[in-house]
Amino acid sequence: MLYMVAQEPEFHPRKYFSIDRVFRNETLDATHLAEFHQIEGVVAGYNLTLGNLMGILREFFRKLGIEKLRFKPAYNPYTEPSMEIFSYHEGLKKWVEIGNSGIFRPEMLLPMGLPDDVVVIAWGLSLERPTMILYGIDNIRELVGHKINLQMVEANPVCRLRRPEVLESCRIQEPKQHWHGRIAH
């Protein structure tokens, strides 16, 4: 996609987002699945900074109802600086990684033909881990397969965001209880 943007006669700032299923060869445990949903974002523009990236991520999670965030420096081969994003899980009593992010290294962008002064910020976020935090689920494996609680699924309707006036009616509210009946906070 960035290569296609670079082929246009004049660069214009762009934003791209996607949600897809990904696979990782990981050992399953309370916070890891081998297959999960990843939310990805890429913003290409001028004068973008690490502060812009952190602000976008804070706002995204704030709209989901997650405000306890920490950013930790990390290594990623394609971005520098890079950060892991963590949120506090009350049930597990620990900080859980919910994503990774960074600013694309200039040498990654040059072969695409983007102008030298264009900066690209990007992130990849888990969908399942924030769901665990929001609904007080202590084991990620309870979100998929035969262990899923259908009552929780039926009680939390799907929200399709098509028009600005629909956004407010679909806002996620902080759950008052765990889906399996224990008090959340």
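About the criteria used
Residues numbered from 1 in each chain as written. Predicted model: local features only at pLDDT ≥ 70, side-chain atom pairs only at ≥ 80, totals over all residues. Heavy atoms only, no water. Helix = DSSP H or I, 4+ residues; strand = E, 2+ residues; numbered from the N terminus. Buried < 20%, exposed > 50% of the residue type's maximum accessible area, 1.4 Å probe, protein only. Contact = heavy atoms within 4.5 Å. Pairing = 2+ DSSP bridges.

A. Highlighting the overall build of the chain. Along the chain, the regular secondary structure elements total 6 helices and 6 strands. Listing every helix and strand of the chain by position from the N terminus yields α-β-β-α-β-β-β-α-β-α-α-α. Within the chain, buried positions represent 37% of all 185 residues. Contacts in the chain between residues far apart in sequence, at least 24 positions, make up 56% of those at least 6 positions apart.

B. Spatial organisation of the pairing of strand 4 (residues 79-89). For strand 4, a buried count of 9 out of 11 residues is recorded, marking the element as mostly surrounded by other parts of the structure. Between strand 3 (residues 69-76) and strand 4, which pair antiparallel one after the other, the connecting turn spans 2 residues. The loop that links strand 4 with its antiparallel partner strand 5 (residues 94-104) comprises 4 residues; one of these, Lys 93, has a positive phi angle of about 55°.

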